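# Per-entry structural report
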Amino acid sequence: MKKKLTAEEWWDGILEYERTHTIAFASPRALMEARLIAEMDKARRHHRRARGNGVAHRRKAVAS
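Small disclaimer: the values here were computed from a predicted structure and weren't measured.

Across its full length, the protein chain carries three helices and zero strands. Written out in order from the N terminus, the α and β elements of the protein chain read α-α-α. Taking all 64 residues of the protein chain together, the buried fraction comes to 0%.

With that settled, the discussion passes to the packing of aromatic side chains. Across all of its chains, the model carries one aromatic pair by this definition. The interplanar angle of 40° and the centroid separation of 6.4 Å between the aromatic rings of Trp10 and Trp11 together place this pair among those described as tilted.

One pass over the full model with this rule turns up four salt bridges. Here Arg19 makes a salt bridge to Glu16, at a shortest N to O gap of 2.6 Å. Residue Arg19 and its partner Glu16 are located together in helix H1 (residues 7–20), separated by three residues, close to a single helical turn. Owing to a relative accessible area of 38%, Glu16 belongs among the partly exposed residues under this scheme.

Once that is clear, we can look at the confidence of the model for the protein chain. Residue-level pLDDT values for the protein chain average 79, and 78% of them are 70 or greater. H1 holds the highest mean pLDDT among the elements of the protein chain, 89, whereas helix H3 (residues 49–52) holds the lowest, 57.

There is a patch of nonpolar side chains on the surface, built from Leu5, Trp10, Trp11 and Leu15 and spanning about 460 Å² of accessible area. Structurally, Leu15 can be placed in helix H1.

Definitions and limits used
- Residues numbered from 1 in each chain as written.
- Predicted model: local features only at pLDDT ≥ 70, side-chain atom pairs only at ≥ 80, totals over all residues.
- Heavy atoms only, no water.
- Helix = DSSP H or I, 4+ residues; strand = E, 2+ residues; numbered from the N terminus.
- Buried < 20%, exposed > 50% of the residue type's maximum accessible area, 1.4 Å probe, protein only.
- Phe/Tyr/Trp six-rings, centres within 6.5 Å; stacked < 30°, edge-to-face > 60°.
- Salt bridge = Lys/Arg side-chain N within 4 Å of Asp/Glu carboxyl O.
- pLDDT = per-residue confidence, 0-100.
- Patch = residues over 30% accessible without salt bridge, like charges linked within 9 Å, V, L, I, M, F, W, Y side chains within 5 Å.
- Areas by Shrake-Rupley, 256 points an atom, 1.4 Å probe, with all protein chains shown as cover.

Here it is as structure tokens:
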């Protein structure tokens, strides 16, 4: 059987949950802004990873 929590233990549990699960307590507007910022960052990033990782650019072989 579970022990009944005191008011202080219950409150501490709520505060701890809120601290560890901040996204659950964010306003809808804040969530929308976070999604918008993430999409803008994705659009700004280059998708050519091979060159960025120091890999040499491959050129097409020219028939001679």
